[in-house]
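Understanding the architecture of this molecule
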Amino acid sequence: MYRCDCHLHTVFSHDGKATPEQMLWAAEAAELDHIIFTEHCDCCLTSPYPPESNLVWRNIFNRDTYPAAIEALRGRSKTVKIGIGVELGEFLQDRDLAAYALDYSWDFVLGSLHNVNKRLDFMCYEYTDPEFTFQLFCEYFAELLQMVEQGGFDVLSHLTYVLRNVYRKGQTYDLSRHDEQIRAVLKRAAEKGIGIEVNTSGLRDVCAVVFPSLKYLRWYRELGGEIITVGSDAHRAEDLGKGIDDAIELVRSAGFAGITVFEQRKPILKEF
Ligand SMILES: [Zn+2]
Ligand SMILES: [Zn+2]
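Summarised in this report is the structure supplied together with it.

Analysis parameters
- Residues numbered from 1 in each chain as written.
- Chains lettered and ligands numbered in written order.
- Predicted model: local features only at pLDDT ≥ 70, side-chain atom pairs only at ≥ 80, totals over all residues.
- Heavy atoms only, no water.
- Helix = DSSP H or I, 4+ residues; strand = E, 2+ residues; numbered from the N terminus.
- Buried < 20%, exposed > 50% of the residue type's maximum accessible area, 1.4 Å probe, protein only.
- Contact = heavy atoms within 4.5 Å.
- Areas by Shrake-Rupley, 256 points an atom, 1.4 Å probe, with all protein chains shown as cover.
- Salt bridge = Lys/Arg side-chain N within 4 Å of Asp/Glu carboxyl O.
- Core = buried A, V, L, I, M, F, W, Y, C linked by side-chain atoms within 4.5 Å.
- Donors = N, O, S within 2.8 Å, 3.2 Å for Na, K, Ca; no water.
- Pairing = 2+ DSSP bridges.

1. Some words on the overall build of the protein
When helices and strands are counted, the protein shows 8 helices and 9 strands. Burial status across the protein gives 53% buried among its 272 residues. Sequence-distant contacts in the protein: of pairs separated by 6 or more residues, those separated by 24 or more amount to 73%. Counting every atom, the protein has about 11,500 Å² of accessible surface; 49% of that belongs to carbon and sulfur.

Spelled out as C-alpha cells, the structure:
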C-alpha cells in the first residue's frame, strides 16, 4: 500500500520541533513513500490564548523562506516523494491573511479550525460546564460548515478535534448530540469535492482515537465522498508516520477505494 503522511509540521511552524531535513530522514526510516509538509497559517484576528499566557498566537509560516526550503529538499531522498502544503486555520476569521497564505503554487491545502471566532483555542477550556461544552461544539460545527461552503481548500483537517481537548481535561462528551450538524458538514464536503482527513494525532494522546471516527468516515462515503487523506500531524520527527497504517485500515473498512494524495492541488487516488 502506498504510504503517504499528508500532515506534518517543522520549525517553519512555531510549534514544530524538527527541521525539514530531519523530517525527510524520519520519513525514510519509517519507509513512507510520500510526505506533504503542511505548515501553519492561523488566521484568527485576536489572540486565542488568555492574556496572561505568553504563547505566540499568530502561528504563520514565512512564505518567502518556507516553500523555498522544501523545494530545495526535493530529490534529496531516493525513496520519499515530497509535497509542499499549508494548514490554513480559521480562514474565515481573516480573509486577507488567508489570501496571502494561499498565494503560492502549493501541492495541498488543509482547512482546519483550532478556535471558533472570538473564542479561545480549544486547548484553553476546562470543559467542566456541560452547557458551555455543548455550545462550543455547536459553534465549532457551524463554523466548519461555513468553511466548507466557502471552500478554497482541499481537505478538512481533524474533524471533531475539540474532543481531544475535552479528553485532555479528564472530561468526556457524547458527540452524537451533533450528528445532524456533522452530517451537514460531511454532505456539503462530499458535494463540493472537499476531502476529509483521518488525523492520527489522537492515537498518541490520552483519547487514543483518530479524528474523525469510523462512523463519520462511513457517513462521508455514503454521502458520496471519495477523498480521504491520512496525516500524523507530527510536530516532532519521532511522530512522523505514526498511526498511518491503522488509519489506512480504517479507511479501507469504511468502504473507500483507496487513500488520496495531492500534487499541485489535484487529488490522486492510491487504490487499495
Ligand atoms: Zn491543526
Ligand atoms: Zn497540524
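2. Thoughts on the pattern of salt bridges
Scanning the entire structure with this criterion turns up 21 salt bridges. Between Arg-74 and Asp-107 there is a salt bridge whose closest N-O contact spans 3.2 Å. Residue Arg-74 is located in the loop between helix H2 (66-71) and strand S3 (81-89), and its partner Asp-107 is located in the loop between helix H3 (95-102) and strand S4 (108-112); the two are separated by 33 residues in the primary sequence. The exposure class of Arg-74 is partly exposed, given its relative accessible area of 35%. When its relative accessible area of 6% is taken as the criterion, Asp-107 is described as buried. Several salt bridges share partner residues, and in doing so they unite Arg-204, Arg-236, Glu-238, Asp-239 and Lys-242 into one network.

3. A look at the nonpolar core
By size, the foremost hydrophobic cluster in this structure holds 83 residues, and its most contacted members are Ile-35, Phe-37, Tyr-140, Leu-144, Leu-156, Tyr-220 and Leu-240. Of the residues forming this core, the biggest block, 7 residues, is contributed by helix H4 (residues 130-150). Those residues in contact with Leu-144 that sit more than four places away from it in its chain are Leu-113, Leu-156, Leu-159 and Val-185.

4. Focus: the coordination of the zinc ion (ligand 1)
Distances from the zinc ion (ligand 1) to its protein donors, Glu-87 (OE), His-114 (NE2) and His-158 (NE2), fall within 2.0 to 2.2 Å. Between the zinc ion (ligand 1) and the zinc ion (ligand 2), both coordinated by Glu-87, there is a metal-metal distance of 3.5 Å. Of this pair, His-114 sits in the loop between S4 and H4 while His-158 sits in the loop between strand S5 (155-156) and helix H5 (162-168), and the two are 44 residues apart along the sequence. The two residues His-114 and His-158 agree in class, both being buried.

5. Overview of the environment of Val-56
By secondary structure assignment, the location of Val-56 is in the loop between strand S2 (34-42) and H2. Contact partners of Val-56, with chain neighbours within four places excluded, come to His-14 and Tyr-49.

6. Overview of unusual backbone geometry
In this model, Phe-211 is joined to Pro-212 through a cis peptide bond whose omega is -5°. By secondary structure assignment, the location of Pro-212 is in the loop between strand S6 (195-199) and helix H7 (214-222). Not every positive phi belongs to a glycine, and Asp-233 is a case in point at roughly 60°. When you line up the elements, Asp-233 lands in the loop between strand S7 (228-231) and helix H8 (244-253). A relative accessible area of 9% places Asp-233 in the buried class.

7. Things to note about the sheet that holds S2
One open sheet accounts for 7 strands, arranged S1-S2-S3-S4-S5-S6-S7; its pairing is parallel. Here the strands that pair on one side only, and so sit at the sheet edges, are strand S1 (4-8) and S7. Direction of pairing for S5 relative to S6: parallel, over a ladder of 2 bridges. Directly across from Val-155, in S6, lies its bridge partner Gly-195.

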